[in-house]
Amino acid sequence: MIFSKKEKPLVAHTIEKCLQCKKENKRPFKEGDTLFTQGQVCTSCKDQTSILKIFGQAIE
Amino acid sequence: MNYTELFSVDNLFGSGSDSSNPIMWIIWIVPIVLFVFYGQRIQLMVTSGEINKAIEKLNRYKDETKKELLDYLQKSKSTGDVSKKVDGYLEYFTIMPVDMDPNGIMPKIKHLLRSREDYTRKQVLSLAQDITPFEASKIQNLLEVVTSLNLLHKIVRHLFLTAKKQNNFPLILPLQMMLPFIMEQAEALKGAVSALKAGQPIGDGIGPMVVGKMMLRSQKTPIGLETVYAESDYEDRKLYLLKAEGPAATVGRPGDAVEILVEQKKPDLIIMVDAGLKLEGETSGTIAQGFGAAIGGIGTDRFQIEETATKHNIPVYAIVIKQSIKEAITLMTKEIADKSDEVEAQIHSMITENTTQGQSILIVGVGNTLGVPQ
């Protein structure tokens, strides 16, 4: 169609937030990631993170 | 004969001196006659080509999603010939109650839909061995996607073949007009499969996501099928937080749960948070506030909530997060996920503006809670 533009596919991302230093880390979604559950260890303060958001973002 | 002169622009538009050229007459007369007598047929052929392509696409979507469902079932240790069972399920139908006398029709519809839901749940459990409720809910949703695509394909094909059989051009026009909307829905359904399989939150889950976050540090109590509630406090007010039990792919039974909670806890205000369809041109993730029960579906839950609220004279406020149909059933986009904090802030300001200390508020997160625990 003339007016239709091709949509870019969404890539799933996970946002983890450190419970201690409140730093947010964005990484690709891994199977088993669930909102509000424990994430990976914080890269800066080595404390536990929690999964804050899971969303899809179009590849640019 | 000078052919260069024959097909010159001057001759073609009649501005030349010689207007008696017979070839020019034929060039003009033949298309006119052709379009007068066969115009509708030509248009029918062009339109048929477009619709045919759409039907092929719908068929492909149906087959692909069915294959993905069967592959997923294989991974979940399927029992027996699941392909045959799935094929059988695709042909199930629901006969809606007679509406000539609409009085009392809602309990009938509710009963019918509950029976269908319960039957589907049992069918899903028979498709695979030892599956968890989470996996069963995902399979149930996948089955619904395949069923919807199958239905869309069959309806479009039926209308097209009927029009073609009767050579009835006016019959094909409404189909041509509706086709972009049907295809948008079909593409959304196809796009939902990957999120459903991976257990990722979908756009419709923004309501449960906001309320689920508010429930995190509270004791959760089951209330109704696949539905939980928790109690919390905010500025000397009691909050009753209600949502479907995540992370399963379910919407729960908000109608029943609201009725029970209102009877037991007598809240002074009900706030409903849900995803709402945006109009074309509106930005995704826009938050809008309003009045009334913000809940989709066939209408039985909305009816129940409205009845309960009216009976107890409780105002119902709504917060809606706008999104397209595709965004609502596919992986939640960043624009929508980023609005969760703002929605929570709006709930809090709605509470402080409309209630006083000591009062209680029932907050309902409406939507499919796939990938969203509490």
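In this report, we go over the structure that sits alongside the text. (Residues numbered from 1 in each chain as written. Chains lettered and ligands numbered in written order. Predicted model: local features only at pLDDT ≥ 70, side-chain atom pairs only at ≥ 80, totals over all residues. Heavy atoms only, no water.)

## Quick notes on the pattern of salt bridges
Residues and elements named next belong to chain B.
So, step 1. Applying the stated rule across the entire model yields 28 salt bridges over all chains.
So, step 2. Of the charged contacts in the structure, one is a salt bridge between Lys238 and Glu231, with a shortest N-O distance of 3.5 Å.
So, step 3. Residue classification places Lys238 among the partly exposed positions, given a relative accessible area of 29%.
So, step 4. Judged by its relative accessible area of 31%, Glu231 falls in the partly exposed class. (Salt bridge = Lys/Arg side-chain N within 4 Å of Asp/Glu carboxyl O. Buried < 20%, exposed > 50% of the residue type's maximum accessible area, 1.4 Å probe, protein only.)

## Details of the interface of chain A and chain B
So, step 1. Each partner contributes residues to the interface: chain A has 13 residues there, and chain B has 19 residues.
So, step 2. The contact between chain A and chain B buries some 1400 Å² in all, and 73% of this surface belongs to carbon and sulfur atoms.
So, step 3. Contact with chain B buries surface across chain A, with Leu35, Phe36 and Lys53 of chain A losing the most and accounting together for 38% of the total.
So, step 4. For the interface between chain A and chain B, the tally reads one salt bridge.
So, step 5. Two residues, Asp338 of chain B and Lys53 of chain A, come together in a salt bridge whose shortest N-O distance is 3.1 Å.
So, step 6. In this structure, the connection of chain A to chain B is made through three residue pairs in polar contact (both at pLDDT 80 or more).
So, step 7. Broken down by secondary-structure element, the contributors of at least two residues to the side of chain A that touches chain B are strand 1 (10-18) and strand 4 (48-58) of chain A. (Contact = heavy atoms within 4.5 Å. Buried area = accessible area lost by both parts, 1.4 Å probe. Polar contact = N/O pair within 3.5 Å; in protein donor to acceptor, adjacent residues only side chain to side chain. Helix = DSSP H or I, 4+ residues; strand = E, 2+ residues; numbered from the N terminus.)

## Considerations on the sheet that holds strand 5 (residues 287-291) of chain B
Residues and elements named next belong to chain B.
So, step 1. Pairing is mixed in the open sheet, where seven strands are placed in the order 1-2-3-7-4-6-5. The two strands at the open ends of the sheet, each matched to only one other strand, are strand 1 (220-222) and strand 5. For this sheet, the mean angle separating the axes of adjacent strands, direction not counted, is 25°.
So, step 2. Across eight bridges, strand 2 (residues 227-234) lies against strand 3 (residues 237-244) in antiparallel orientation. Residue pairing for strand 3: Ala230 is matched across the bridge by Leu241. (Pairing = 2+ DSSP bridges. Axes fitted to C-alpha atoms, helices over the stretch in contact; angles between N-to-C directions.)

## Structural notes on the packing of helix 8 (residues 206-215) of chain B against helix 13 (residues 340-354) of chain B
Residue and element names in this part refer to chain B.
So, step 1. Here helix 8 crosses helix 13 at 65°, and the two axes come no closer than 10 Å. In terms of axis orientation, helix 8 runs roughly perpendicular to helix 13. Here helix 8 runs over helix 13; the crossing is right-handed. Here helix 8 contributes Ile206, Met209, Val210, Lys213 and Met214 to the contact with helix 13, which in turn contributes Ser340, Asp341, Val343, Glu344, Ile347 and His348. (Parallel < 35°, antiparallel > 145°, perpendicular 65-115°, else oblique. Left-handed = near helix turned anticlockwise from the far one by under 90°.)

## Some remarks on the packing of aromatic side chains
Residue and element names in this part refer to chain B.
So, step 1. Applying the stated criterion across every chain, the model contains three aromatic pairs over all chains.
So, step 2. Ring centres of Phe291 and Tyr317 lie 5.4 Å apart, and the angle between their planes is 80°; on these two criteria the pair is classed as edge-to-face. Of the two residues, Phe291 sits in strand 5 while Tyr317 sits in strand 6 (residues 316-323), which places them 26 residues apart along the sequence.
So, step 3. Given the relative accessible area of 73%, Phe291 is considered exposed.
So, step 4. Among the residues examined, Tyr317 registers a relative accessible area of 15% and is labelled buried.
So, step 5. An aromatic cluster is present here, built from Tyr89, Tyr92 and Tyr119 joined pairwise through their rings. (Phe/Tyr/Trp six-rings, centres within 6.5 Å; stacked < 30°, edge-to-face > 60°.)

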